[in-house]
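# Understanding the architecture of this molecule
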Amino acid sequence: MGQSVVLYLSNTGHTQAVAEKIAATTGSKLIAIKPQQAYSASDLDWTDHDSRSYHEMHGGYVRPAIEPVDSVAVGQATVVYLGFPLWWATAPRPIDTFLDSVDLSDKTVLPFCTSDSSAIDEAVHQLRVDYPAINWRDGRRFTSGVTAQEIRKWSSKA
Ligand SMILES: Cc1cc2nc3c(=O)[nH]c(=O)nc-3n(C[C@H](O)[C@H](O)[C@H](O)COP(=O)(O)O)c2cc1C
């Protein structure tokens with residue numbers, strides 16, 4: 001197998017904790033996808049229909065600006081682990097911004113998420129529809145208690 005990278009978006013640390021475990025277990029480089037404007041607590045209030053996150057996810061085509069990502073490391077990878085929190089059961093818009101900015105069509109991409117309870121399937125379905133050139137593997141929802149053994153079993157499907 002070639003090189004691998006773990007790319008992740010995390011606003012309150014849950015996805016980051018899982019991403020760190022995946023990177024350590026698979027020997028991957030760990031790269032954060034960071035919105036240029038970080039999300040504040042009120043931005044993340046999903047009960048407020050006037051919050052930034054609500055508008056981004058319910059406002060049609062939105063691509064929040066992100067910080068530049070290490071394109072050399074991504075370009076050299078053959079396997080990409082792509083992690084994000086679920087927002088309304090789908091991937092937050094900065095993930096779309098990232099996917100619009102890179103060509104991952106020659107790589108295998110394994111999506112993973114954290115969430116309060118929702119499953120990842122709807123998010124992966126949407127990613128497959130929006131980015132059909134990518135070789136998506138089935139996604140996994142992980143909790144911070146994920147073990148190295150579980151990660152190895154999942155990553156062996158790359
Ligand atoms: C705007 C917003 C929408 C969310 N929508 C869902 C959801 O639909 N289903 C769910 O189970 N959790 C939902 N959550 C909870 C997050 O997915 C969960 O807290 C996640 O682990 C946060 O990851 P992070 O700490 O890496 O940002 C939502 C959280 C936010 C802020």
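Placed above this text is the structure.
Cut-offs applied
- Residues numbered from 1 in each chain as written.
- Predicted model: local features only at pLDDT ≥ 70, side-chain atom pairs only at ≥ 80, totals over all residues.
- Heavy atoms only, no water.
- Helix = DSSP H or I, 4+ residues; strand = E, 2+ residues; numbered from the N terminus.
- Rg over C-alpha atoms; globule rule 2.2 N^0.38 Å.
- Buried < 20%, exposed > 50% of the residue type's maximum accessible area, 1.4 Å probe, protein only.
- Salt bridge = Lys/Arg side-chain N within 4 Å of Asp/Glu carboxyl O.
- Phe/Tyr/Trp six-rings, centres within 6.5 Å; stacked < 30°, edge-to-face > 60°.
- Expected span 1.5 Å × (residues − 1).
- Contact = heavy atoms within 4.5 Å.
- Near = heavy atom within 4 Å.
- Polar contact = N/O pair within 3.5 Å; in protein donor to acceptor, adjacent residues only side chain to side chain.
- Areas by Shrake-Rupley, 256 points an atom, 1.4 Å probe, with all protein chains shown as cover.
- 1 Å grid on protein atoms, 1.4 Å probe; cavity = no way out; pocket = protein on both sides within 12 Å on 5 of 7 lines; lining within 4 Å.
- Sits in = over half its atoms within 2 Å of the grid points.
- Nonpolar A, V, L, I, M, F, W, Y, C, P; charged D, E, K, R; others polar.
- Axes fitted to C-alpha atoms, helices over the stretch in contact; angles between N-to-C directions.
- Parallel < 35°, antiparallel > 145°, perpendicular 65-115°, else oblique.

### With respect to the overall build of the protein chain
- The helix and strand tally for the protein chain stands at six helices and six strands.
- Reading the secondary structure of the protein chain in the N-to-C direction produces β-α-β-α-α-β-α-β-α-β-β-α.
- Relative to the globule expectation of 15 Å for 158 residues, the C-alpha radius of gyration of the protein chain, 15 Å, shows essentially globular dimensions.
- With respect to the three principal axes, the spread of C-alpha positions in the protein chain is 45 × 30 × 25 Å.
- Residues counted as buried form 46% of the 158 residues belonging to the protein chain.

### Regarding the pattern of salt bridges
- Tallied over the full model, the rule gives eight salt bridges.
- For R52, the salt bridge identified is with D43, shortest N-O distance 3.5 Å.
- The exposure class assigned to R52 is buried, which follows from its relative accessible area of 16%.
- What makes D43 buried here is its relative accessible area of 13%.

### Observations regarding the packing of aromatic side chains
- Considering all chains together, one arrives at five aromatic pairs under this definition.
- When the ring of Y39 is compared with that of W87, the centres are 5.1 Å apart and the planes differ by 85°; the resulting orientation is edge-to-face. Of this pair, Y39 sits in the loop between β2 (29–32) and α2 (52–58) while W87 sits in the loop between β3 (77–85) and α4 (93–101), and the two are 48 residues apart along the sequence. Across this residue pair, the class does not change: Y39 and W87 are buried.
- Note on Y54 and W88: the rings are 5.6 Å apart at their centroids and 85° apart in plane angle, and the pair reads as edge-to-face. Here W88 lies in the loop between β3 and α4 and Y54 lies in helix α2, a separation of 34 residues in the sequence.

### Quick notes on helix α1 (residues 14–26)
- Look at α1: 19 Å from first C-alpha to last across 13 residues, which is about the 18 Å you get at 1.5 Å a residue.
- Where α1 is buried, its residues touch β1 (3–8), β2, β3, β4 (108–114) and α6 (148–155).
- Residue G27 follows α1 closely and has a positive phi angle near 70°.

### Thoughts on the site of the ligand
- With respect to spatial proximity, 19 residues lie near the ligand, and among them S10, T12, T15, T114 and S118 are the closest.
- A distance of 3.1 Å separates an oxygen atom of the ligand from a polar atom in the backbone of G13.
- Side-chain polar atom of T114 to an oxygen atom of the ligand: 2.6 Å apart, as the coordinates give it.
- If the ligand stood free it would expose 650 Å²; the protein chains cover 89% of that surface.
- Cavity membership is defined here by more than half of the atoms lying within 2 Å of grid points; on that basis the ligand lies in the largest pocket.
- Of the residues in the shell around the ligand, the class split is seven nonpolar, 11 polar and one charged.

### What about the packing of α1 against α6?
- Where α1 contacts α6, the axes come no closer than 10 Å and their chain directions differ by 70°. Regarding the angle of α1 to α6, the classification is roughly perpendicular. Each of K21, I22, T25 and T26 in α1 lies in contact with α6, whose residues at this interface are A148, I151, R152, W154 and S155.
- Its residues assigned to classes, the contact of α1 with α6 shows four nonpolar, three polar and two charged.

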